[in-house]
Amino acid sequence: MKVATRYSHSIPKLVCPDGQDGLLISTKFLNRVLNVDVSSATITVESGVTLRQLIDEAAKAGLALPYAPYWWGATVGGILGTGAHGSTLWGKGSSVHDYVVQLRLVSPGGPRDGYAKLRTLDTSNRDLSAAKTSLGVLGVISQITLKLQPMFKRSITFTMKDDADLADQVASFGYQHEFADML
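A brief structural summary.

What counts, and where the lines are drawn
Residues numbered from 1 in each chain as written. Predicted model: local features only at pLDDT ≥ 70, side-chain atom pairs only at ≥ 80, totals over all residues. Heavy atoms only, no water. Helix = DSSP H or I, 4+ residues; strand = E, 2+ residues; numbered from the N terminus. Contact = heavy atoms within 4.5 Å. Areas by Shrake-Rupley, 256 points an atom, 1.4 Å probe, with all protein chains shown as cover. Salt bridge = Lys/Arg side-chain N within 4 Å of Asp/Glu carboxyl O. Buried < 20%, exposed > 50% of the residue type's maximum accessible area, 1.4 Å probe, protein only. Arc of directions from axis to C-beta. Polar contact = N/O pair within 3.5 Å; in protein donor to acceptor, adjacent residues only side chain to side chain. Lys, Arg positive; Asp, Glu negative; His and termini not counted.

## Digging into the overall build of the protein
Then, number 1: Scanning the protein from N- to C-terminus turns up four helices and nine strands.
Then, number 2: Shown N-terminal to C-terminal, the secondary structure of the protein runs as helices and strands in the order β-β-β-β-α-β-α-β-β-α-β-β-α.
Then, number 3: Of the contacts made within the protein by residues no fewer than 6 positions apart, 56% connect residues no fewer than 24 positions apart.
Then, number 4: For the protein, the accessible area works out to roughly 11700 Å², and carbon and sulfur atoms hold 55% of it.

Okay, structure coming up:
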């Protein structure tokens, strides 16, 4: 089986339908923001919620997701399920998965389980780290709770430089700027 959002699916064939016998699971209707908790600064969403929906709902409560990929059409489950959530030289903080505090996963089960297992992992469960970066091999993400921060403003500066010594500049630039990009 393979998971697809309302817009797309991942290209890697880690999990791929088997010809006519495969199963495609859509998150098209898992598109609700379930809770925004201002006191704990968290938001709980279904996996088909787009990044834009998440950012808009968090902003209404005066909260923000500290880091997010550029394309607002990506779904939260898709970002986590495909590893499209960023990386950093700074340790923790520049990846969406760094802000996941709870996940709900659906995975295959036996007859006693009704052929599906529903697991909720939170920060007290050591499997959460594996699940939030598992690329979907541990199950289908159906719900995510993210830790937010108070609303903030980020500035962007565009600078053009000679790239003759680009290899020498890359690491230095990355360590100087937490949310840096090079094009």
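## Observations concerning the pattern of salt bridges
Then, number 1: All chains considered together, the criterion is met by three salt bridges.
Then, number 2: Two residues, aspartate 56 and arginine 52, come together in a salt bridge whose shortest N-O distance is 3.8 Å. Placement of both aspartate 56 and arginine 52 in helix 1 (residues 51-60) is noted, with a separation of four residues, approximately one turn of the helix.
Then, number 3: On the basis of relative accessible area, arginine 52 is assigned to the partly exposed category, the value being 47%.

## Re helix 1
Then, number 1: Those residues of helix 1 that fall on the buried side of the exposure criterion are Leu51, Leu54 and Ala58. Each buried residue of helix 1 lies within a common arc of 65° when the element is viewed along its axis, so the set occupies one face.
Then, number 2: For helix 1, the secondary structure elements touched by its buried residues are strand 4 (42-46), strand 5 (63-64), helix 2 (76-82) and strand 8 (140-147).
Then, number 3: The first or second residue beyond helix 1 is glycine 62, which carries a positive phi of 75°.

## A closer look at the environment of aspartate 37
Then, number 1: Among the structural elements, aspartate 37 can be located in strand 3 (residues 33-37).
Then, number 2: Aspartate 37 sits in the partly exposed class, given a relative accessible area of 26%.
Then, number 3: Between the C-alpha atom of aspartate 37 and that of leucine 63, which follows or precedes it by 26 residues, the distance is 9.7 Å.
Then, number 4: Within the local environment of aspartate 37, its side chain forms a polar contact with the side chain of serine 39, the two groups lying 2.6 Å apart.

## What about the environment of serine 40?
Then, number 1: By secondary structure assignment, the location of serine 40 is in the loop between strand 3 and strand 4.
Then, number 2: With 109 residues separating them in the primary sequence, serine 40 and glutamine 149 have C-alpha atoms 9.7 Å apart.

## Let's talk about the side chain of lysine 132
Then, number 1: Checked against the element boundaries, lysine 132 lands in the loop between helix 3 (128-131) and strand 8.
Then, number 2: Although lysine 132 lies buried, it forms no salt bridge, and the closest oppositely charged side chain, aspartate 98, sits 5.7 Å away as judged by the N-O distance.
Then, number 3: Looking at lysine 132, its side chain comes within polar contact range of the main-chain oxygen of histidine 97, at 3.1 Å.

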